[in-house]
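Descriptive structure summary
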Amino acid sequence: MNAPLARLAVVLVEPLDPVNIAATVRAMKNMGAGDLRLVRPVEYEPHRLEGIAHGTRDLIDRIRHFDTFDEAVADCVRIAAFTARRRAAKWRVVPPRAAALELLEASGEGDVAIVFGREDSGLPNDVLDRAHVHVVIPTTDHASLNLAQAVLIALYELHLAAGDATRQIPPPRKDAPPATEAQLEQYFGDVERSLTAIEFFKTRQREHIMRTLRSLTLRAGPDARE
């Protein structure tokens, strides 16, 4: 696997809801990650995960289970723990974008991990103590995020930082060339005649109004069809 995020592991510690596991798999498929590691997860059936996250069977078949967090991250050289708690201890807290850059740089030396905790209580202190950096997603005072939402935000920043966007947004279906000078002048003439016909200039300065309309139109940059 030679994808930009090939050395990234997504680690869920004791996830309680199979729907969140499936939504995590979907987010990973969207953003180019392929290594999901579960620590003591809730029981689930793989085919039900695929029923929620369609077209992700390849990722589901590669999910690995671990009895302990230490086993899950034993091969990782950098661990970023996502938490809603801003601890006053010695740990450095960064936003997801900064964490993404750090993880990508470290991935040149080995596997790296982003770690998320239980839906009801987040990560325990012993896991937070093992992380190299803590990551807090900026929110309002209501800081509780759905597990899969948090994973998606983390993976989105990694996806962008890795330059991994592959889906091209198509241009407008009926693309048209820029308007020519002749077309623009015909347009301005038609506008001026129309305003004259409705006596718009009767109490206004024609030159100033037309100059404003020219400036507005040229800033908009209409194409020939428009």
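These lines cover the structure that appears in this document, whether it is placed above or below. Everything numeric here is computed off the predicted structure, so don't read it as measured data.

Conventions used here
Residues numbered from 1 in each chain as written. Predicted model: local features only at pLDDT ≥ 70, side-chain atom pairs only at ≥ 80, totals over all residues. Heavy atoms only, no water. Helix = DSSP H or I, 4+ residues; strand = E, 2+ residues; numbered from the N terminus. Rg over C-alpha atoms; globule rule 2.2 N^0.38 Å. Buried < 20%, exposed > 50% of the residue type's maximum accessible area, 1.4 Å probe, protein only. Contact = heavy atoms within 4.5 Å. Areas by Shrake-Rupley, 256 points an atom, 1.4 Å probe, with all protein chains shown as cover. Lys, Arg positive; Asp, Glu negative; His and termini not counted. Charge placed at Lys NZ, Arg CZ, Asp CG, Glu CD. Axes fitted to C-alpha atoms, helices over the stretch in contact; angles between N-to-C directions. Parallel < 35°, antiparallel > 145°, perpendicular 65-115°, else oblique. Left-handed = near helix turned anticlockwise from the far one by under 90°. Nonpolar A, V, L, I, M, F, W, Y, C, P; charged D, E, K, R; others polar. Core = buried A, V, L, I, M, F, W, Y, C linked by side-chain atoms within 4.5 Å.

Below, the discussion takes up the overall build of the protein chain. Secondary structure assignment for the protein chain yields nine helices and seven strands. At 27 Å, the protein chain has a C-alpha radius of gyration far larger than the 17 Å of a compact globule built from 226 residues. Each of the three principal axes of the protein chain carries a C-alpha extent, and together these read 80 × 40 × 35 Å. Burial analysis of the protein chain (226 residues in total) assigns 38% to the buried set. By sequence separation, contacts in the protein chain at least 24 residues apart represent 81% of the contacts at least 6 residues apart. With the model as given, the accessible surface of the protein chain reaches about 13600 Å², and the carbon-plus-sulfur share is 52%. When the 29 basic and 32 acidic side-chain charges of the protein chain are each reduced to a single mean position, those positions are 5 Å apart.

A few words now on the environment of V94. Counting through the fold element by element, V94 comes out in strand 5 (residues 93-94). On the basis of relative accessible area, V94 is assigned to the buried category, the value being 8%. Through-space distance from the C-alpha of V94 to that of V135 is 5.1 Å; in sequence the pair is 41 residues apart. Excluding residues within four positions of it along the chain, V94 makes contact with A99, E102, V133, H134, V135 and V136.

Turning our eyes to something else, we now look at the side chain of T56. Tracing the backbone through its elements, the reader meets T56 in the loop between helix 2 (46-52) and helix 3 (57-61). Given the relative accessible area of 1%, T56 is considered buried. Filtering out sequence-adjacent residues up to four positions away, T56 remains in contact with V25, R26 and K29.

This part is about the packing of helix 5 (residues 96-106) against helix 7 (residues 147-161). Here helix 5 crosses helix 7 at 55°, and the two axes come no closer than 9 Å. The pairing of helix 5 with helix 7 is recorded here as oblique in orientation. As for how helix 5 packs across helix 7, the hand of that crossing is right-handed. Note on element contacts: helix 7 touches helix 5 through I153, E157, L158 and A161, opposite P96, R97, A100, L101, L103 and L104. Counted by class, the contact of helix 5 with helix 7 contains eight nonpolar, no polar and two charged residues.

What follows concerns the nonpolar core. In terms of nonpolar packing, the biggest core is built from 38 residues, with V10, L36, I114, F116 and L155 touching the most fellow members. Not counting chain neighbours up to four residues away, the residues in contact with F116 comprise V10, V11, L12, V13, F82, L123, L147, A150, V151 and A154. The next biggest cluster of nonpolar side chains, apart from the first, holds 17 residues, and it includes F66, A72, I79 and L128.

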